[in-house]
Every structure is written in structure tokens, then in C-alpha cells.
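What follows is each chain in one-letter form.
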Amino acid sequence: MTGAPRLIRMAPGDTVAVVANDGGLPAGTEIDGLTLRRHVPQAHKVALRDHAQGDPVRRYGAVIGLAAGAITAGDRVEEAMIDLPAPPALGRLSPSGAGELPQIAPLEGFSFQGFRNADGSVGTRNILAITNTVQCVSGVVGHAVDRIRREILPRFPNVDAVVALDHTHGCGVAIDAPGAEVPIRTLRNIARNPNFAGSTMVVSLGCEKLQPDRLFPGAFGDFPPEAGPSLVTLQDETHVGFEAMQRSILRIAERHLAQLDRRRRETCPASDLVVGLQCGGSDAFSGITANPALGHAADLIVRAGGTVLFSEVTEVRDGIDQLVRRAASEEVARQLIAQMAWYDAYLARGQSDRSANTTPGNRKGGLSNIVEKAMGSIVKSGSMPIAGVVPPGERARQKGLLFAATPASDFICGTLQLAAGMNVHVFSTGRGTPYALAEAPVIKVATRSELARRWHDLMDVDAGRIITAGETIEGMGRLLFAKILSVASGERSCAERLGLANRLALFNPGPVT
């Protein structure tokens, strides 16, 4: 045990609290009028009062479950002791039930150094991206990207990186089936991400179902002679052997790099930020430290006129009534409900439901079920009105706080947020994960100081200081806001310095043939 015994209770009506101390608290510890009946690890729950079977167990002021049997005050409350409640019934939610929304006080005078694009968007990185229409060409593209990085990129110091937008789609799929458009529009919109400046190259095989003109309608018609096409088709008869394919890709890449190298950062208002928020490897501290601080930072970005994306359908499903009350209009409320209904049906087709979300790591970190996890996840959306909903694979078309409907998978969520136009990613974690992206900078936020110390070169911000050093949620939120502006201006995140990046992961609800 580190320091005086401490329990954290999130709301006055809560019937459980979590242990704050590193190493947990031993059996027999006396605290807040309770005597712990056995050892309780850090972040795990202690019953604050007796519960009879069927009594609601409350945390965050919400019912996270029903007591599966008698629970005595001072007991450690574990997953098997709580029955999962039913989620809010979507049919009982009224779009007209949105509450009185707060007036937003504008926040002025904040800016960052970004790359202004021809379409008005702003990149935080200057990247040459090479996408493909089908996985068959991934090996060829990967080889070419390695050569570009070694042989060509050093001549263009103003270009941050060359990345392959590798994926497993494009053929062997029912490409016209319901749901099949999701991965196609995802690939299309990732290629339009602000960090690529409209410079994305395309490599095609030639015989695949996902033809270039379907992926990018109208993009491969007429090209200025000096630019040349940005499409390489490997089955083209001019490609006699592997080296000819490589020369074609490298030749066009060099032309694109020369154009990108002429770009310079310029002062851009904070309203040009598109910040994607996500949590992964969550623990019971996620909703105490990192996510509330992210919520405060999100409020500041929205007040500054920027865009914030929060996501992960199964991690907001149990709080959909809260989100509907925050909807900026009845239409936004209807869209929120529709996305929940679509995902409920999607899970049901797989004979599953939202309870499949939680992981062994979540449970080891003190989270008993998806309801508790959801209550801690939602708080990273802050308090601003929800201005819109972005369906999977679509690009955001407005500013403000937006719900980007994605699965909770870290990799799929990040991929879909890139498609929505994200130019900075902020990712909170309690258990620890080296997750990162090559396409946008990722700021990693630790929920616990112990994790931040142990993974000192992987975590950018220690939100655990809210507990260990008495920092406020508001102060940590302001620190995160400043960090976002700094990273958007070119400061490299821990993951960038280490060269870490996960591959993209498409969400494909359509059938594979």
C-alpha cells in the first residue's frame, strides 16, 4: 500500500468506490467507516453498504448492475457478484427529449502551425500516402515504400513520412452486398485525410473487384501532362517484371514528394483541429482521471471552433439516454438512436451483444462489465452539445462535437476516425497499449502514474497526477489542450519518436465470398 488508504467515490449516491492506492489495500484496512474483508487491488471496487440480492449497484451515479447475491459493506465487489442490467430500450427514447443545451462561450486566440490544403482542411503532418485497391498488391507497395524511404525521401526534408495505406479488402468480397460500401468509402475518405494534402497515390492490380474508378469516381480521367496519373496498375503490359513495377511507383512518388516538399507550416486557428478521442486497455481509473480530463480538453476544442470525434458504439450504448439529451437537434438525436439500433442488429446477427466488449485486461483493471466501462468512456466526450453523427466510413461535414459511429476495436475505431478527417488522435489507456498510427500523430494518456512511470517512453501525458499529485481535472484538461496544439504544430509524440504504428483495420459488415 502506498500512502494513506483512499477510496474514490464518483457520485453521492454510489454504493461502491474504487481503491486509489498503488498496490491496493490489505484485508482489515479501516477506511471511511468500513473494514475491508479481504485484499482489494488498486482500481477495484469496495461495497460502501450492504446489498441484498437484486439491489442496484451504483457507480458514476448510474446503475452498473444488480447484486447477484448478498454483498456486505467492505466486500471486494467482483464481476461475478454483479448481474448485467438490460441496456436502455431504444424504442422508449424520444428524439424530442433533448434537454436544454448550454450556451457555448467562445474560446478565442488559440492557434497551431499546420499545413493548409486546397480543400480548406488543415494537416498536422505532411505525408505522402500510397493506397491500393486490393490486398494482392500489398507486397509490391510495401517494397516500394521501403525503397522510397531509403532512396528518395531524404532529398525532401519538408515531407514527414511516406506511408502505405495497406488493407485486406478489394476482392473476394460481395462488393455490392448491403454493408459492402462501408469499407469502400472508408478507403476513399482515408485517402482524403488532411494529413495527405490530396496527394495520395493509388496502386491497382487490374483485375480486382474494387476498380480504381469505383474507389475514386472520376479521379482517373484527364491529368495535366506535367503531373501525370497518380495510378499505377501492375497488370499493365508495360510492366515487364517486378523492377518495372517498382520504377513506376518510385517515379510517381518522386513527383509527389517534390510537390509536398514545397509546403510549409502556417498559423492556423484551433478551429481547424479535428481531434479523434479513443480509449483502449481501459481500467477503472479511465473514468476518474484521463477521460474526464479529455472531456475538459474536448470542451475547449469545441469552444475554440474545432471538431472533436468520440466513438465506440458499444462503449456508449448504455449511456445513449445521456447522449440523446445532449443532441443539438431532434435530427441528431434520431441519428444517434439509429446508429445504436443498427449496431444492436449487427451484433445480434453474430449471436452476440454489447457484453462481449470487455476484456480480461479490463476486468483485471477493475471494470466489472460493459456498463461500468461505458460510464467511464462517455465522459471523454465532455459536456458540449452533440452537433452531428458521422456514419462508419463517412467524412465529417461539420464542426463541433461529433459522434463518429465505430466499433470499439482500437484499430478499427482509429481507422474510421482517420476516414472522418481526424488530424490528431488522443488515446487514453489504463492497462497500457503501444497502439499508434502512422497517418496521424497519437498522443497517449496514462490513467495511472504507475503506468506513466513504467512506460515512460510510451506515454505522453500522466493523467494519474489527478490522484497522485492533487492536480485538477480542469488543469489536466488545459494541459492536454496545450499538448494537442503543440503536437499539431509538429512536436513529435512518443510513438512517433519510436516509429511505432499499427496497420489500418477496415470495418466490413458485408459478406466475404
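Residues numbered from 1 in each chain as written. Predicted model: local features only at pLDDT ≥ 70, side-chain atom pairs only at ≥ 80, totals over all residues. Heavy atoms only, no water.

### Things to note about the pairing of strand β17 (residues 274–279)
Phase 1: Among the six residues in β17, six count as buried, and that is most of the element.
Phase 2: With burial as the criterion, each face of β17 is covered, one bearing Val274, Gly276 and Gln278 and the other bearing Val275, Leu277 and Cys279.
Phase 3: Regarding the hand of the β-α-β motif, the stretch spanning β17, helix α5 (residues 290–303) and strand β18 (residues 307–310) is right-handed.
Phase 4: The pairing of β17 with strand β21 (residues 424–429) spans five bridges and is classified as parallel. When the bridges of β21 are listed, Gln278 appears paired with Phe427. (Buried < 20%, exposed > 50% of the residue type's maximum accessible area, 1.4 Å probe, protein only. Helix = DSSP H or I, 4+ residues; strand = E, 2+ residues; numbered from the N terminus. Right-handed = clockwise from strand over helix to strand, strands pointing away. Pairing = 2+ DSSP bridges.)

### Side note on the environment of Leu101
Phase 1: Within the secondary structure layout, Leu101 lies in the loop between β9 (82–83) and β10 (111–116).
Phase 2: By relative accessible area, Leu101 is classed as partly exposed at 27%.
Phase 3: Sequence separation between Leu101 and Thr307 is 206 residues, and the spatial gap between their C-alpha atoms is 18 Å.
Phase 4: If near-sequence neighbours (up to four positions away) are discounted, Leu101 is found in contact with Arg325, Arg326, Ala327, Ala328 and Pro385. (Contact = heavy atoms within 4.5 Å.)

### What to know about the packing of helix α2 (residues 181–191) against helix α10 (residues 410–419)
Phase 1: Relative orientation of the contacting elements α2 and α10 amounts to 60°, with a least axis distance of 7 Å. Taken as axis vectors, α2 and α10 run oblique relative to one another. Of the residues in α10, those touching α2 at Thr186, Asn189 and Ile190 are Thr415, Leu416, Leu418 and Ala419.
Phase 2: Each residue belonging to the contact of α2 with α10 can be placed in one class, and the counts come to four nonpolar, three polar and no charged. (Axes fitted to C-alpha atoms, helices over the stretch in contact; angles between N-to-C directions. Parallel < 35°, antiparallel > 145°, perpendicular 65-115°, else oblique. Nonpolar A, V, L, I, M, F, W, Y, C, P; charged D, E, K, R; others polar.)

### Some thoughts on the side chain of Thr29
Phase 1: With respect to the helices and strands, the residue Thr29 is situated in the loop between β2 (16–19) and β3 (30–31).
Phase 2: By relative accessible area, which is 9% here, Thr29 ends up buried.
Phase 3: Here Pro26 takes part through its backbone oxygen, which lies 2.7 Å from a polar atom of the side chain of Thr29.
Phase 4: Residue contacts for Thr29: discarding those within four places in its chain leaves Pro5, Leu34, Thr35 and Leu36. (Polar contact = N/O pair within 3.5 Å; in protein donor to acceptor, adjacent residues only side chain to side chain.)

### Brief notes about the pattern of salt bridges
Side chains that carry opposite charge are capable of pairing whenever their charged atoms lie near each other.
Phase 1: Tallied over the entire structure, the rule returns 32 salt bridges.
Phase 2: The partner of Lys380 in a salt bridge is Glu312, with the nearest N and O atoms 3.1 Å apart. One end of the pair, Lys380, is in the loop between α9 (370–378) and β19 (386–390); the other, Glu312, is in the loop between β18 and α6 (320–326), and 68 residues separate them in sequence.
Phase 3: Judged by its relative accessible area of 0%, Glu312 falls in the buried class.
Phase 4: Between Asp344 and Arg317 there is a salt bridge, and its shortest N-O distance comes to 3.0 Å. Placement of Asp344 in helix α7 (residues 330–349) and of Arg317 in the loop between β18 and α6 is noted, with a sequence separation of 27 residues between them.
Phase 5: A relative accessible area of 5% places Arg317 in the buried class.
Phase 6: One network of salt bridges, with partners in common, ties together Arg147, Arg150, Glu151 and Glu243. (Salt bridge = Lys/Arg side-chain N within 4 Å of Asp/Glu carboxyl O.)

### Some details on the side chain of Glu439
Phase 1: Looking at the secondary structure, you find Glu439 in the loop between β21 and β22 (442–446).
Phase 2: One buried charged residue, Glu439, forms no salt bridge at all, with the nearest opposite charge on Arg149 at 8.1 Å.
Phase 3: The residues touching Glu439, leaving out its near neighbours within four places in the chain, are Ile127, Val163, Ala164, Leu165, Asn193, Asn195, Phe196, Leu418 and Leu504. (Lys, Arg positive; Asp, Glu negative; His and termini not counted.)

### Some thoughts on the nonpolar core
Phase 1: In this structure, Leu273, Leu336 and Phe403 are the most contacted members of the largest nonpolar core, which totals 59 residues.
Phase 2: It is α5 that contributes the most residues to this core, eight residues altogether.
Phase 3: Core analysis: the next-biggest nonpolar cluster, separate from the first, contains 26 residues, Val140, Val145, Ile148 and Leu205 among them. (Core = buried A, V, L, I, M, F, W, Y, C linked by side-chain atoms within 4.5 Å.)

### Quick word on the sheet that holds β21
Phase 1: Read from one edge of the open sheet, seven strands run β19-β20-β18-β17-β21-β22-β23, paired in parallel fashion. Taken across any chain shown, the strands that pair with only one partner, and hence form the sheet edges, are β19 and β23 (461–462).
Phase 2: Sheet strands in contact with α10 are β17, β18 and β21, and its direction is about 170° off that of β17.

### Looking at the packing of aromatic side chains
Phase 1: Summed over the entire model, instances satisfying the criterion amount to 10 aromatic pairs.
Phase 2: Relative to Tyr343, the ring of Trp342 lies with its centre 6.1 Å away and its plane at 50°, an arrangement referred to as tilted.
Phase 3: Owing to a relative accessible area of 8%, Tyr343 belongs among the buried residues under this scheme.
Phase 4: Where Trp342 meets Phe507, the ring centres are 6.1 Å apart and the plane angle is 85°; that geometry is what we call edge-to-face. (Phe/Tyr/Trp six-rings, centres within 6.5 Å; stacked < 30°, edge-to-face > 60°.)

### A look at helix α13 (residues 473–488)
Phase 1: Its 16 residues place the ends of α13 22 Å apart at the C-alpha level, agreeing with the 22 Å of an ideal helix rising 1.5 Å per residue.
Phase 2: Every buried residue of α13 is accounted for by Met476, Gly477, Leu480, Phe481, Lys483, Ile484, Leu485, Val487 and Ala488. (Expected span 1.5 Å × (residues − 1).)

### A word on the confidence of the model for the chain
Phase 1: Considering every residue of the chain, the mean pLDDT works out to 95; 97% of them sit at 70 or more.
Phase 2: Confidence drops under a pLDDT of 50 for residues 222–228, and excluding neighbours within four residues, the segment shows six contacts in the predicted structure. (pLDDT = per-residue confidence, 0-100.)

### Quick word on the sheet that holds β2
Phase 1: The four strands are arranged β1-β2-β5-β8 in an open sheet whose pairing can be described as antiparallel. In this open sheet, the two edge strands, each paired with only one partner strand, are β1 (7–8) and β8 (76–77).
Phase 2: Both β1 and β2 contribute to a ladder of two bridges, which runs antiparallel. Directly across from Ile8, in β2, lies its bridge partner Val18.

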